[in-house]
Amino acid sequence: MLAQPAPRPTPAGNPIGTTVVITISVVGDQVNVVLTGEIDATNADRLRTALFTHLDDGRAQVVLDISALTFIDCSGLAVIRKAAAYAEALGGSVRLTGEPHPRVHRILRLTGIAGSETTV
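This write-up is about the structure you can find in this document. Quantities reported herein were computed from a predicted structural model and do not represent experimental measurements.

Remarks on helix 1 (residues 44-56)
Between its first and last C-alpha, helix 1 extends 18 Å over 13 residues, near the 18 Å set by a 1.5 Å rise per residue. Those residues of helix 1 that fall on the buried side of the exposure criterion are Ala44, Arg46, Leu47, Ala50, Leu51, His54 and Leu55. The buried residues of helix 1 occupy one face: seen down the axis, they fall within an arc of 165°. Exposed and oriented more than 90 degrees from the buried face of helix 1 are Asp45 and Asp56. For helix 1, the secondary structure elements touched by its buried residues are strand 2 (20-27), strand 3 (30-39), strand 4 (61-72) and helix 2 (74-89).

Set out below in structure tokens:
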């Protein structure tokens, strides 16, 4: 299991950017990813790296648990959509699970990505 570290605090004690914890477990060719916190332009690259590392290794079944995700912006959604397209090209999929936070549910609905148990 791999968990990405949180952002470094600034001298004033405020974090640089937002905080997301990415917890990954692998079962066969399936990658289970639990997202906790917020994903935006300041940390979407961490999600991209986490997902594409496993996709590049041939693990094309990705399950994203978004139940503890409290915010996602267009940069995070773009990472998920690109990972889904890549997984599909490999014969797999990216699936969202968990009951999303109301803010996350709203952005998923506005962008045409359905709620829980959805293949992107």
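Overview of the nonpolar core
In globular proteins that are soluble, nonpolar side chains generally tend to be buried together. By size, the foremost hydrophobic cluster in this structure holds 28 residues, and its most contacted members are Val33, Leu35 and Leu64. Looking at this core, the elements with two or more residues in it are strand 2, strand 3, helix 1, strand 4, helix 2, strand 5 (93-97) and helix 3 (102-110). Ranked by the residues each element gives to this core, the list is headed by helix 2, at six residues. If we ignore the near neighbours within four places in the chain, the residues touching valine 33 are Ile22, Thr23, Ile24, Leu51, Val62, Val63, Leu64 and Asp65.

Examining the packing of aromatic side chains
On inspection of all chains with the given rule, the structure shows one aromatic pair. Ring centres of phenylalanine 52 and tyrosine 86 lie 5.5 Å apart, and the angle between their planes is 15°; on these two criteria the pair is classed as stacked. Here phenylalanine 52, found in helix 1, pairs with tyrosine 86, found in helix 2; they are 34 residues apart in sequence, far enough to count as distant.

Thoughts on empty space enclosed by the protein
Within the structure shown, the criterion is met by one cavity of 30 Å³ or more. Taken as a whole, the largest cavity spans an internal volume of roughly 50 Å³. In this structure, the largest cavity is lined by Ile66, Leu69, Ile72, Leu77, Ile80, Leu96, Val104, Leu108 and Ile113. Per-element accounting of the lining of the largest cavity gives the leading share, three residues, to strand 4. When the residues that make up the lining of the largest cavity are grouped by side-chain class, the tally is nine nonpolar, no polar and no charged.

Some words on the pairing of strand 2
Bridging between strand 2 and strand 3 involves eight bridges; their strand directions are antiparallel. The residue bridging valine 21 from the neighbouring strand is threonine 36, located in strand 3. Between strand 2 and the antiparallel strand that follows it, strand 3, lie two residues; glycine 28 among them carries a positive phi value of about 65°.

So, how was this worked out
In this numbering scheme, every chain counts its residues from 1 along its sequence in written order. It should be noted that, the model being predicted, local features are given only for residues of pLDDT at least 70 and side-chain atom pairs only at 80 or more, the latter also being counted only at that level, while totals for whole chains, interfaces and linings use all residues. Only heavy atoms go into the side-chain values, all of them from the structure, while hydrogens and water stay out. Strands are runs of DSSP state E lasting at least 2 residues, helices are runs of H or I lasting at least 4, and numbering of each runs from the N terminus. A helix is expected to span 1.5 Å multiplied by its residue count minus one. Three labels apply to residues, based on accessible area from a 1.4 Å probe with only protein chains included: buried if under 20% of the type maximum, exposed if over 50%, partly exposed otherwise in between. It is the directions from the helix axis to the C-beta atoms that the arc portrays. Contact between two residues is taken to exist if any of their heavy atoms lie within 4.5 Å; hydrogens are not considered. Here, the term nonpolar core denotes a set of buried Ala, Val, Leu, Ile, Met, Phe, Trp, Tyr and Cys residues that are joined through side-chain atoms within 4.5 Å. Geometry of aromatic contacts follows a simple scheme: Phe, Tyr and Trp rings, the Trp one being its six-membered ring, pair when their centres are within 6.5 Å, and the pair is stacked under 30 degrees between planes, edge-to-face over 60, tilted otherwise. Put simply, the grid is 1 Å and covers the protein atoms alone, a cavity is a trapped set of points that fit a 1.4 Å probe, a pocket is an open set with protein on both sides within 12 Å along at least five of seven lines, and lining residues have an atom within 4 Å of a point. Grid points are joined across faces, edges and corners, and a volume is the space filled by probe spheres set on the points. Only Asp, Glu, Lys and Arg are considered charged in this grouping, and only Ala, Val, Leu, Ile, Met, Phe, Trp, Tyr, Cys and Pro are considered nonpolar; every other residue, Gly among them, is considered polar. Here, any two strands with at least 2 DSSP bridges between them count as paired.

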